[in-house]
Amino acid sequence: MNPLASLVNGRAQTQMAVTSRLQYGDGLFETVAVHNGRLLLWSEHVRRLMAGMARLGLDPIDPMLLHAEAEALATGRGLAILKVVVVRGTKGRGYRPAAAATDRILTVWPWPNRPVDDLAPVFWCRTPLARQPLLAGLKHLNRLEQVLAQREFTDPYWEGLMQDTCGWVIEGTMTNLFVVEDGMLTTPILDQAGVAGIMRDQVIRRARESGMVVRQDNMTSARVMEADEVFLSNSVIGVRPVLRLAERLWRHGPITSRIAQTLRACGDAPAL
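Source: prediction; values computed, not measured.

1. Overview of unusual backbone geometry
Right, so step 1: Despite not being glycine, Leu 41 has its phi angle at roughly 55°, a positive value.
Right, so step 2: Within the secondary structure layout, Leu 41 lies in the loop between strand 4 (38-39) and helix 1 (42-56).
Right, so step 3: Its identity is not glycine, yet Ala 246 carries a phi of approximately 55°, on the positive side.
Right, so step 4: The topology assignment puts Ala 246 in the loop between strand 15 (244-245) and strand 16 (248-249).
Right, so step 5: The exposure class assigned to Ala 246 is partly exposed, which follows from its relative accessible area of 36%.

See the structure below:
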C-alpha cells in the first residue's frame, strides 16, 4: 500500500524520505484519524509528540507549522489516516548524533478495513515486550517487537495481547487494553513498557467524567480472562470490544458500549 500524499520537511515527495537516523529508530510517530477533513484529537497528539521529543532530546519543531502541513494533507479527505514521523536530523553515520534540526515526514494513507467485532478474535502473543523505563510510554520508531508479534497472526485474528518479560500484560500490538471488573475500569501500568496511547488517555478521561472509577495496575493474563468486559483502544478504532480471547468468550458489554458511544459523541473517534 502506498501513501495517498507525503510531505517531507514541508515539501511534496513521491516517496518517503530515508534519513540516517531512521535505521536506529531514532524518532517518534503519531497516527492521527482524519474524518471529514478534521484531524481528530490533534492537540493531544501534538502534546504527546512534543513531550516525547523532549525526552529523546530532539530539537523542537514549530507546532503551528506542523499543523499547517497536516491540515494541507487532511483537507478534503472523508476518512483517512495521517502519519506524522519526526526523526533526529543529523549528517553522517554512527550512533552518536550531531546537533541538527529535526526532520518531519507526514503521509496520508487510506482508511484500513475493519473486520466485524464478532468475527475478529484476539489471541495471546508469545513475543514479549522488553522492560525499558527510559522509553516506556513513548511511541518511538523502534517497533520490532510488534513486528515479530504480528508475524504470529493467522486469520481470523486481528490483534494479539503482549506481556512483558516479567509476565505482566501490557497492551496489544497496536492497541491499549482495558478490563471491566465489578463496574470499575482498569488498564495496565505503562511505566516499564508499552505505549501510552492518545485514545487510552481519552478513555480514562471520559470514564472518570462519567463517574467511573479508573485504575492503572499491574495485570496478569488470568485477571484479563476473568474480567467482566475487555476492550481495546487506539486512535483509529476508537474502542473495540474483545469478544473472544483464547477459549474465553464475552458478550457485548454495557460499559464498553457506553464508552464507545461517548467517544464518538464527543468527537474523539470517527462516528462510523
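2. Comments concerning helix 4 (residues 198-209)
Right, so step 1: When the terminal C-alpha atoms of helix 4 are compared, their 17 Å separation across 12 residues agrees well with the 16 Å that a helix rising 1.5 Å per residue should span.
Right, so step 2: Within the sequence span of helix 4, burial applies to Ile 198, Met 199, Arg 200, Gln 202, Val 203, Ile 204, Arg 206 and Ala 207.
Right, so step 3: Directly after helix 4, the chain includes Gly 211, whose backbone phi takes a positive value near 100°.

3. Things to note about the packing of aromatic side chains
Right, so step 1: Across all of its chains, the model carries four aromatic pairs by this definition.
Right, so step 2: Here Tyr 24 and Tyr 95 contribute two aromatic rings whose centre-to-centre distance is 4.9 Å and whose plane-to-plane angle is 50°, an arrangement assigned as tilted. Of this pair, Tyr 24 sits in the loop between strand 2 (11-12) and strand 3 (27-35) while Tyr 95 is found in the loop between strand 5 (79-87) and strand 6 (103-110), placing the two residues 71 residues apart along the sequence.
Right, so step 3: The interplanar angle of 15° and the centroid separation of 5.0 Å between the aromatic rings of Phe 178 and Phe 231 together place this pair among those described as stacked. With a gap of 53 residues between them, Phe 178 in strand 10 (residues 176-181) and Phe 231 in strand 13 (residues 229-234) connect regions that are remote in the sequence. Each of the two residues, Phe 178 as well as Phe 231, counts as buried.
Right, so step 4: Here the aromatic residues Phe 123, Phe 153 and Tyr 157 are joined through ring pairs into a cluster of three or more.
Right, so step 5: Above the face of the Phe 29 ring, Lys 83 is positioned so that its terminal group lies 4.5 Å from the ring centre.
Right, so step 6: Sitting over the face of the ring of Trp 158, Arg 240 holds its NZ or CZ atom 4.1 Å from the ring centroid.

4. What about the environment of Trp 109?
Right, so step 1: Within the secondary structure layout, Trp 109 lies in strand 6.
Right, so step 2: Considering only alpha carbons, one finds Trp 109 and Leu 4, 105 residues apart in sequence, at a separation of 5.4 Å.
Right, so step 3: A polar atom in the side chain of Trp 109 sits 2.8 Å from the side chain of Thr 107.

5. A look at the sheet that holds strand 11 (residues 184-188)
Two pairing modes exist for strands in a sheet, parallel and antiparallel, and in both the strands are linked by backbone hydrogen bonds.
Right, so step 1: Taken together, the five strands give an open sheet; going across it, the order is 12-11-10-13-14, and neighbouring strands pair in mixed fashion. Of all the strands in the sheet, just strand 12 (214-217) and strand 14 (238-241) have a single pairing partner and so form its edges. Pairs of neighbouring strands in the sheet enclose a mean axial angle of 30°, with direction left out of account.
Right, so step 2: In terms of strand pairing, strand 10 meets strand 13 through five bridges, oriented antiparallel. Within strand 13, the residue paired with Val 180 across the bridge is Glu 229.

Calculation rules
- Residues numbered from 1 in each chain as written.
- Predicted model: local features only at pLDDT ≥ 70, side-chain atom pairs only at ≥ 80, totals over all residues.
- Heavy atoms only, no water.
- Helix = DSSP H or I, 4+ residues; strand = E, 2+ residues; numbered from the N terminus.
- Buried < 20%, exposed > 50% of the residue type's maximum accessible area, 1.4 Å probe, protein only.
- Expected span 1.5 Å × (residues − 1).
- Phe/Tyr/Trp six-rings, centres within 6.5 Å; stacked < 30°, edge-to-face > 60°.
- Lys NZ or Arg CZ within 6 Å of the ring centre and 35° of its normal.
- Polar contact = N/O pair within 3.5 Å; in protein donor to acceptor, adjacent residues only side chain to side chain.
- Pairing = 2+ DSSP bridges.
- Axes fitted to C-alpha atoms, helices over the stretch in contact; angles between N-to-C directions.

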